[in-house]
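Residue-level listing of the chains:
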Protein chains: 4
Amino acid sequence: MDSTIKHIGVFTSGGDSPGMNAALYAITKTAEVNGINVSGFRKGYEGLIDGDLVQLKSHELQKLTQKGGTILKTARSKRFLELEGRKKALQTLNVNKIDALIAIGGDGTFKGLLAFSEICDIPFIGIPGTIDNDISGTDYTLGFDSAVNTAIENIDKIRDTAESHNRVFIVEVMGRDSGYIGIHSGLMVGADAILIPESGTDFINLLGKVKNYDSEDAFLIVVSEGDEIGADLVSSKIKEVNPNVDLRITKLGHIQRGGNPSALDRMLGIRLGVEAVKSLLQSKKNVMIGILNNQLHLTPFNEVVKQHQVNKELHELLELFGT
Amino acid sequence: MDSTIKHIGVFTSGGDSPGMNAALYAITKTAEVNGINVSGFRKGYEGLIDGDLVQLKSHELQKLTQKGGTILKTARSKRFLELEGRKKALQTLNVNKIDALIAIGGDGTFKGLLAFSEICDIPFIGIPGTIDNDISGTDYTLGFDSAVNTAIENIDKIRDTAESHNRVFIVEVMGRDSGYIGIHSGLMVGADAILIPESGTDFINLLGKVKNYDSEDAFLIVVSEGDEIGADLVSSKIKEVNPNVDLRITKLGHIQRGGNPSALDRMLGIRLGVEAVKSLLQSKKNVMIGILNNQLHLTPFNEVVKQHQVNKELHELLELFGT
Amino acid sequence: MDSTIKHIGVFTSGGDSPGMNAALYAITKTAEVNGINVSGFRKGYEGLIDGDLVQLKSHELQKLTQKGGTILKTARSKRFLELEGRKKALQTLNVNKIDALIAIGGDGTFKGLLAFSEICDIPFIGIPGTIDNDISGTDYTLGFDSAVNTAIENIDKIRDTAESHNRVFIVEVMGRDSGYIGIHSGLMVGADAILIPESGTDFINLLGKVKNYDSEDAFLIVVSEGDEIGADLVSSKIKEVNPNVDLRITKLGHIQRGGNPSALDRMLGIRLGVEAVKSLLQSKKNVMIGILNNQLHLTPFNEVVKQHQVNKELHELLELFGT
Amino acid sequence: MDSTIKHIGVFTSGGDSPGMNAALYAITKTAEVNGINVSGFRKGYEGLIDGDLVQLKSHELQKLTQKGGTILKTARSKRFLELEGRKKALQTLNVNKIDALIAIGGDGTFKGLLAFSEICDIPFIGIPGTIDNDISGTDYTLGFDSAVNTAIENIDKIRDTAESHNRVFIVEVMGRDSGYIGIHSGLMVGADAILIPESGTDFINLLGKVKNYDSEDAFLIVVSEGDEIGADLVSSKIKEVNPNVDLRITKLGHIQRGGNPSALDRMLGIRLGVEAVKSLLQSKKNVMIGILNNQLHLTPFNEVVKQHQVNKELHELLELFGT
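As annotated in an unreviewed UniProt entry, chain A carries the name 6-phosphofructokinase and is attributed to Echinicola vietnamensis. Here is the UniProt Subcellular location (unreviewed entry) comment for chain A, exactly as written: "Cytoplasm". Under Cofactor (unreviewed entry), UniProt gives the following word-for-word description of chain A: "Mg(2+)".

A.B. asks: How should the environment of D246 of chain A be read in this particular structure?
C.D. replies: Residue and element names in this part refer to chain A. With respect to the helices and strands, the residue D246 is situated in the loop between α9 (231-241) and β9 (247-251). For D246, a relative accessible area of 33% gives the class partly exposed. Separated by 79 residues in sequence, D246 and R167 place their C-alpha atoms 5.7 Å apart. Excluding residues within four positions of it along the chain, D246 makes contact with R167 and V168. Within the local environment of D246, its side chain forms a polar contact with the side chain of R248, the two groups lying 2.9 Å apart.

A.B. asks: Help me understand the relation of the copies chain A and chain D in this model?
C.D. replies: Relating one copy of the chain to the other takes a rotation about an axis and a shift parallel to that axis. For the match of chain A to chain D, the screw axis carries a shift of 0.0 Å, the RMSD comes to 0.0 Å, and the turn is 180°. These values place the two chain copies in the arrangement generated by a two-fold rotation axis. Rotation axis and chain A: the residue whose C-alpha lies nearest the axis is N293 of chain A, separated from it by 2.0 Å. Of the interface residues in chain A, 100% have counterparts in chain D that sit at the interface too, so the contact is made through matching surfaces.

A.B. asks: Can you help me understand the pairing of strand β2 (residues 37-41) of chain B in this one?
C.D. replies: Put simply, side chains in a regular strand alternate between the two faces of the sheet. Residues and elements named next belong to chain B. Across the five residues that make up β2, a large majority, four, are buried. By the bridge criterion, four bridges tie strand β1 (residues 7-12) to β2 in an arrangement that is parallel. In the strand pairing of β2, H7 is matched with N37. Judged from the three bridges that link them, β2 and strand β3 (residues 53-55) form a sheet pairing that is antiparallel. Each bridged residue has a counterpart across the sheet, and for F41 the counterpart in β3 is L53.

A.B. asks: Help me out: how do you make sense of the relation of the copies chain C and chain D in this one?
C.D. replies: The operation relating chain C to chain D is a screw motion whose rotation component is 180°, with 0.0 Å of axial translation and a residual RMSD of 0.0 Å. Most of the interface of chain C is mirrored in chain D: 100% of its interface residues are interface residues there too.

A.B. asks: What is the right way to read the interface of chain C and chain D from this model?
C.D. replies: How big an interface is tends to be stated in terms of the accessible area lost upon association of its parts. Between chain C and chain D, the contact holds 36 residues from the first and 36 residues from the second. Contact between chain C and chain D buries roughly 2600 Å² in total, counting both sides, with carbon and sulfur atoms accounting for 43%. When the buried surface of chain C facing chain D is broken down by residue, K157, S164 and H254 of chain C rank first, second and third, together holding 23% of it. If you look at where chain C meets chain D, you find four salt bridges. Between D160 of chain D and K67 of chain C there is a salt bridge, and its shortest N-O distance comes to 3.9 Å. Linking chain C with chain D are 19 residue pairs in polar contact (both at pLDDT 80 or more). Breaking the side of chain C that touches chain D down by element, the ones donating at least two residues are α6 (144-165) and β9 (247-251) of chain C. With nine residues, the top contributor of residues to the side of chain C that touches chain D is α6 of chain C. Looking at side-chain class alone, the side of chain C that touches chain D contains five nonpolar, 18 polar and 13 charged residues.

A.B. asks: I would appreciate a short explanation of the sheet that holds strand β2 (residues 37-41) of chain A in the present structure.
C.D. replies: Each strand in a sheet pairs with its neighbour through backbone hydrogen bonds, running either in the same direction (parallel) or in the opposite one (antiparallel). Residues and elements named next belong to chain A. Read across the sheet, seven strands follow the order β3-β2-β1-β4-β5-β10-β11 without closing on themselves; strand pairing throughout is mixed. Each edge of the sheet is formed by a strand with only one pairing partner; in this case those strands are β3 (53-55) and β11 (295-300). Ignoring which end each strand starts from, the neighbouring axes of this sheet average 25° apart. As paired elements, strand β5 (residues 124-128) and strand β10 (residues 287-292) share two bridges and run parallel to each other. Opposite G126, over in β10, you have M288 as the bridge partner.

A.B. asks: I would appreciate a short explanation of the sheet that holds strand β6 (residues 168-173) of chain B in the present structure.
C.D. replies: All names here are of chain B. Strand order in the open sheet made by the four strands is β7-β8-β6-β9, with parallel pairing throughout. If you trace the sheet from one side to the other, it starts and ends with β7 (193-195) and β9 (247-251), each paired once. Strand-to-strand twist of the sheet, defined as the mean angle between neighbouring strand axes without regard to direction, takes the value 15°. As paired strands, β7 and strand β8 (residues 219-224) are joined by three bridges and run parallel to one another. Each bridged residue has a counterpart across the sheet, and for L195 the counterpart in β8 is V223. Its contacts with the sheet put helix α6 (residues 144-165) on β6, β8 and β9, and the angle it makes with β6 is roughly 165°. Set on the sheet, helix α8 (residues 204-211) makes contact with β7 and β8; between it and β8 the angle comes to about 155°.

Definitions and limits used
Residues numbered from 1 in each chain as written. Chains lettered and ligands numbered in written order. Predicted model: local features only at pLDDT ≥ 70, side-chain atom pairs only at ≥ 80, totals over all residues. Heavy atoms only, no water. UniProt positions renumbered as here; feature names shortened; annotations may be inferred. Helix = DSSP H or I, 4+ residues; strand = E, 2+ residues; numbered from the N terminus. Buried < 20%, exposed > 50% of the residue type's maximum accessible area, 1.4 Å probe, protein only. Contact = heavy atoms within 4.5 Å. Polar contact = N/O pair within 3.5 Å; in protein donor to acceptor, adjacent residues only side chain to side chain. Least-squares fit on C-alpha atoms with pLDDT ≥ 70 in both. Pairing = 2+ DSSP bridges. Buried area = accessible area lost by both parts, 1.4 Å probe. Salt bridge = Lys/Arg side-chain N within 4 Å of Asp/Glu carboxyl O. Nonpolar A, V, L, I, M, F, W, Y, C, P; charged D, E, K, R; others polar. Axes fitted to C-alpha atoms, helices over the stretch in contact; angles between N-to-C directions.

Structure, rendered in structure tokens:
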């Protein structure tokens, strides 16, 4: 056990995601039990640069496991991309006698740590937090399960209206260029068609179905956001083949990003947070903690990549249910 | 008591709204207790014209009080606007020996009944169902409370993200040209600014605030949809005065229309449904049942108008909290 | 306008109820706009006695309209029942130069204020907060609508299981000796039987139904808590007439008291909170603010009584649907 | 591919659990795509014995992925425990020309299939469905994630009240003799103490904490149901050491069993349902489909055992957070 660590710094970076506060609780509690102080930097790398930090207490965080977003706030930092910014961050760490750093964020966050490690040799640990679930080295990222739960609860509501009117509804879900939220939420709501970036922009099946759509039932389409996809594009394609169709669009938008974390995300935050501190005590450094095949798993930062997780099984499900 | 009524027809028309199924349950149960059969016409006036009907049983409807939308489906009927369509509807009523008709819908629905009453002299009763709460003669329409509950639950989620990033968020809610959902949901979530059609398009206060917005906290704007309002317009106005602002838009859209009815809407459906049948038994006709000042209240169809309900008290609240 | 008021004290007392924080926000915001400071006493009358107070800021409370419970905490105070305690409370008010007092709580809270008014002549205003909705002078108390929404969401879940097994389920809801939550939630979930204190303990109808219950469907009973009622009593009565019945009991308990306030309770908190301050500015004193027939209404404390609100219309609905 | 299968029978057995309907949808859709008919037997083994079956259509099931419980109903069958009952079930299968059978249920269900296989040689496939997550061969059973989500949403509500009053709250969750729901929900809500059957009945730590409890904050205890555990026992132990403590109990009860399935349970139902049919097409028989380490996994019925899943990592978390 590494007894040299007396003071851990922690921050959240990139987009916020549900479960971040549960992870902060677990980190702080585990640290306290091991006699370690925890300081939280506010607004991601910005707080590191500006020395904007608060002491974290597990007793206060304990009540916040159910809170969405991040109490430390988050931001994207342009200054940290410059060596100048990173030098200031190093100074903050030195001044505050921080012995180790834990960051919760996406692949960009870990790239930042990798760059930072060139001038700072205290150990860094990463925890994957993004609703898009597009990071290698873990089956789940913090926030994905909450985002999908929010998506399906709301698509269920839309089904009520779609069935009351026998209408075509296109619901657009988040995911940036990943269709992971799209395929999951589409399957879970029993959608008639599911369109995700990974399956290409071949609309033939969909348009064939909608061309002959007789308005005798609802027709529910779930589509991922994206450059060559998205609800507006799908809508215009449909109107080309069936101009009279009674069609509505809803883009779920940012409601998918907030809200109380789901059971899975709270547990994930706790498991990853505990393991982050334990890894530091075992002298690990510059690794991301993930859950692979239901087991805790460490991946070096330089091996963490942005990754599409739509695997063979999911592609088969898409073909079976969504086309 | 009017003992000549043996068979009531019922249908839902216009946009669907949560609570319609609870009303159908109450109508059917009350009718059964009084020895009256109930038939439900599907797809609003379309079902009347086409003779598309099913027998309703309270035992089956009892389990559906919690279901959003309308199990009878709904539609807007162009054919019923023509005398030809109304004549066919009359034929359906005669063939099926319908003694009275109850319609759940908006002001357009009641106008349809008024026109129909020129050629059909069985009693008609109306129940106000629309999420927009824009009908005179009732403090609440079926669906409004559910829509607002859905809106605020989702705006609460957006607040998590807005506060995590110290961002400006514009959330657009429904209401067609009524700001009733907008002002209510805006007040309920503690919005920094609330914009509704009734308050005009004077953005001076808002722009003054946002111009000096320092990104030290979230700034949450709730805006109603509408021609001279809406999230896109507000967004472009803001960007004129503060081009660098970190701003996001979410339009809640159709999620506000569906979903399980709230407590208030279920109770409203039950109260109005019971009273509709009791009114028929008391030989009432061509009236809409509403709740005014917490009491059951009947308004003749020709006095029912589309009405903005943003009263003096609400305007004062808007001025106090939302500008 | 009463310009002598510069500093308002506020506290929550009795059982907590959803909407209290929204009321605190509205009070503070309205006061600030009128140049008045607001201090919050913690733990009800205990904080008044002990001088345990914090300054309230609308900017902070604004984010908490959606939070259940009360951020000021609440308690029942034995000390305030004694003159000694009230004298200490008076001293606290004098020391802190409190010009007026707003209390959110139940009928016991207002009785306390009445006793206090004998030795303290600053104006007091009351806001009714209790999930039981058993106070005269208002159609709704803060928290009732939230409690019923929580009850029905959970009874809906129980219906899933009841119908999957064709079982008899008895669900006990809160209300102390008032059946208001019971009758509302029972009607809203389409219960087969509803038992409330106000309808007496005549189980004849229920037992007749259950005696012949053939397990071909679910049978859902909603019963209020109470001395001569409650789930256990109903269960033992049923087992007397049908010993082999497959029966389950769930007592919803304290989940009905917490949770994010519903739309109606947030709005109620805001309306009552604003009016409390406005009433002070209009030199009103020793009155409770309520909503009667959808209008703001003031009732002198000495006329506020604990009241059963199960009126004639509700009794008829009970007879129609719940027996 | 096994082309001899033309007609699959399916049923749900034991306790109902959220996700069963999603599994039925996936089974039926996958079968239809492969030219196979699906019949659903009602009320578990009872329907097999009595020949009570309905044809399933994926088009209808598609809308029910979000519905809790099981549309086929479920039951525990004493008759099937007798050879006589199983012979009748065999006759039903022969008469209806059922080529294969898929059962969704717990370990008792699979034991029934094993006994049935002695007289019936068509292939059987099992899908694990129980909220208790106590079956070997799968990381998750259908319904566990939904039950935990329901538990934590409601414990979050209870926290509001506990914190408003600075009270001790004991919340009892389900799990029969398994503490899996208990430890998960306790960790997820930031409980001050978590008691589960697997950790024994050593209350020393808890009682030490509560003895000195000063009512300066809430104290939240999550405890599993069970013979030597449970809320009532914990309550009486606490009152022995601290008779004046302000303590409340809530037993969440059957609300944990119903409700719309969570995202994870819908996906689990779909994955397991698809794989059940694919396994039949690959001539598999008498196996349960599970997800082990995130991969589909088959376990022969005679190796499926009731299993406590509280592993080493969970025990460490319990020690860290819950004692």
